Amino acid sequence: MEIKIEKAKVLKQKPDFTKLGFGKYFTDHMFVMDYSSKEGWHDAKIVPFDYIPVHPASTVLHYGVEIFEGMKAYKTADGYQMFRPLENLKRMNDSAERLCLPEFDGDDFIEALTTLITLDYDWIPDQPGTSLYIRPFMIGNDEALGVHPVHNAKFFIILSPVGNYYAEGLNPVKISIENQDVRAVRGGTGYAKCGGNYAASLRAGKRAEEMGFTQVLWLDGVERKYIEEVGAMNVMFKIDGEIYTPELTGSVLPGITRKSCIEILRSWGYKVSETLISVDDLLEATENGKLEEAWGTGTAAVVSPIGHLFYDGKDHVISNNQIGELTQKLYDELTGIQWGKVEDKRNWCLKVKV
Ligand SMILES: *Cc1c(COP(=O)(O)O)cnc(C)c1O
């Protein structure tokens with residue numbers, strides 16, 4: 001793939017890397033590539049980060065044909081590394097298939113990422129807990145109002161230096177179990193990382209926030225009985241010494257952090273069951289003291305302890321609202337691998353020298 005590079009004439013002033021928050025600042029450049037059914041993927045370029053012209057009838061604006069990925073690059077002594085980037089590409093292509101968007105090539109994906117990140121290398125923060133968040137996304141871009149699979153698409157990569165996802169840091173979060181709205185149903189788009197899923201989730205998130213909760217925990221869309229996942233995280237529970245996480249039924253997003261945690265936990269000798277977990281069983285385990293720890297997993301927060309579960313007017317405290325021992329160990333192991341401080345036995349990181 002040939003990437004045309006147009007460098008920014010004036011570089012932006014970098015933010016204070018100790019006060020980054022999440023997704024508020026963007027680097028100097030972005031990657032853009034076009035697709036048409038006639039030409040396939042073409043015209044790869046890196047340009048100064050800027051507004052993008054979009055036709056008022058563009059498919060994405062009307063029918064929400066959009067998919068995205070979320071991944072991170074971490075600064076190392078001689079460059080940077082990315083965590084399992086080809087897993088993101090694989091998932092992006094699964095999302096693309098679901099929304100009738102074109103698939104993207106793996107080698108081109110890696111080349112686009114490394115060319116862009118290397119160019120904006122100085123934007124990778126090096127404070128503990130920080131990283132460069134990478135947001136690849138694709139939009140359907142036909143300039144007509146008919147509802148049909150698109151013939152034109154655009155693919156972008158933008159970069160954002162980030163600190164901790166939650167203002168609370170690694171403190172336990174308060175979660176409300178949602179019993180009105182649902183995020184996804186089987187046969188729908190739950191397993192795809194597409195914008196529409198988030199649009200559908202906002203109302204419940206807003207209600208939960210107004211009541212003092214950080215996020216909602218979704219139940220399945222049909223029976224509203226089985227645990228699915230948290231806002232942008234999968235969930236895991238340690239019950240009576242074993243680990244349980246909702247199985248991937250099609251309405252749950254197949255998280256790469258989830259997959260990695262399962263592999264690590266099994267290598268530590270834990271029994272991990274991917275299964276249906278009913279909310280009643282979970283709350284019973286909470287009440288009789290068998291639920292030892294609960295945490296969310298996702299690229300943004302990595303591993304996030306859950307301290308409160310609220311359901312049907314009742315608040316259930318987990319592990320005394322403290323970070324559980326295993327949650328902490330898992331966080332340390334995974335972030336250790338990602339930051340290059342723990343041996344990467346499984347070759348998960350793609351290392352790039354700068
Ligand atoms: C992205 C996402 C996750 C976490 O996936 P990771 O690959 O671990 O970052 C979980 N749930 C939803 C709904 C998501 O969008």
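Residues numbered from 1 in each chain as written. Predicted model: local features only at pLDDT ≥ 70, side-chain atom pairs only at ≥ 80, totals over all residues. Heavy atoms only, no water.

Close to the ligand lie 15 residues; Lys 193, Tyr 198, Glu 229, Thr 257 and Thr 299 are nearest. For the ligand, an oxygen atom lies 2.8 Å from a polar atom in the backbone of Ile 256. One of the side-chain N or O atoms of Thr 299 is found 2.6 Å from an oxygen atom in the ligand. Expressed as a share of its isolated accessible area of 380 Å², the protein-covered part of the ligand is 97%. (Near = heavy atom within 4 Å. Polar contact = N/O pair within 3.5 Å; in protein donor to acceptor, adjacent residues only side chain to side chain. Areas by Shrake-Rupley, 256 points an atom, 1.4 Å probe, with all protein chains shown as cover.)

Before going further, it helps to spend a moment on helix α6 (residues 279-287). Those residues of α6 not exposed but buried are Val 279, Leu 282, Leu 283, Ala 285 and Thr 286. Buried residues in α6, looked at end-on, bunch into an arc of 155°, giving them a common side. Seen from the open side of α6, the exposed residues pointing more than 90 degrees away from its buried face are Asp 280, Asp 281 and Glu 284. Phi turns positive one or two residues past the end of α6, at Gly 289, with a value near 80°. (Buried < 20%, exposed > 50% of the residue type's maximum accessible area, 1.4 Å probe, protein only. Helix = DSSP H or I, 4+ residues; strand = E, 2+ residues; numbered from the N terminus. Arc of directions from axis to C-beta.)

Per the domain assignment, the segments of the chain are domain 1 (4-162) and domain 2 (173-338). Once you take the C-alpha centre of each, domain 1 and domain 2 turn out to be 27 Å apart. Across the boundary between the two partners, domain 1 contributes 22 residues, which contact 22 residues of domain 2. Three residues, Phe 83, Arg 91 and Arg 98, lead the burial of domain 1 against domain 2; their summed loss comes to 34% of the area buried on that side. Residues Glu 87 and Lys 259 are paired through a salt bridge, measuring 3.0 Å at the closest nitrogen-oxygen approach. Taken together, domain 1 and domain 2 are joined by 14 residue pairs in polar contact (both at pLDDT 80 or more). Secondary-structure elements contributing two or more residues to the side of domain 1 that touches domain 2 are β4 (66-68), β5 (71-76), β6 (79-83) and α2 (85-98). When its residues are assigned to classes, the side of domain 1 that touches domain 2 shows 8 nonpolar, 4 polar and 10 charged. (Domains from an automatic or database assignment. Contact = heavy atoms within 4.5 Å. Buried area = accessible area lost by both parts, 1.4 Å probe. Salt bridge = Lys/Arg side-chain N within 4 Å of Asp/Glu carboxyl O. Nonpolar A, V, L, I, M, F, W, Y, C, P; charged D, E, K, R; others polar.)

Turning our attention to the pairing of β5. Burial runs high along β5: 5 of the 6 residues are buried. Two elements, β5 and β6, share 4 bridges in a ladder whose sense is antiparallel. Residue Ala 73 lies in a different strand from β6, and its bridge partner there is Met 82. Hairpin connection between β5 and β6: a loop of 2 residues separates the two successive antiparallel strands. (Pairing = 2+ DSSP bridges.)

Moving on, we come to the environment of Thr 76. Position of Thr 76 relative to the elements: it lies in strand β5. For the pair Thr 76 and Lys 353, spaced 277 residues apart in the sequence, the C-alpha separation amounts to 8.7 Å. For Thr 76, the residues in contact, after removing those within four places along its chain, are Gln 81 and Tyr 121.

Next up on the list: the side chain of Glu 333. You can see Glu 333 is positioned in helix α7 (residues 325-338). No salt bridge forms around the buried Glu 333; measuring N to O, its nearest opposite-charge neighbour Arg 346 is 4.9 Å away. Contacts of Glu 333, omitting those with residues within four sequence positions, involve Ile 264, Trp 268 and Val 342. (Lys, Arg positive; Asp, Glu negative; His and termini not counted.)

Secondary-structure assignment places Asn 141 in the loop between β7 (131-140) and β8 (152-162). Here the side chain of Asn 141 touches Ser 58 through a polar contact of 2.7 Å, side chain to side chain. Ignoring any residue separated from it by four or fewer positions in sequence, one finds Asn 141 in contact with Val 54, Ser 58, Thr 59, Val 150, Asn 152, Ala 153 and Lys 154.

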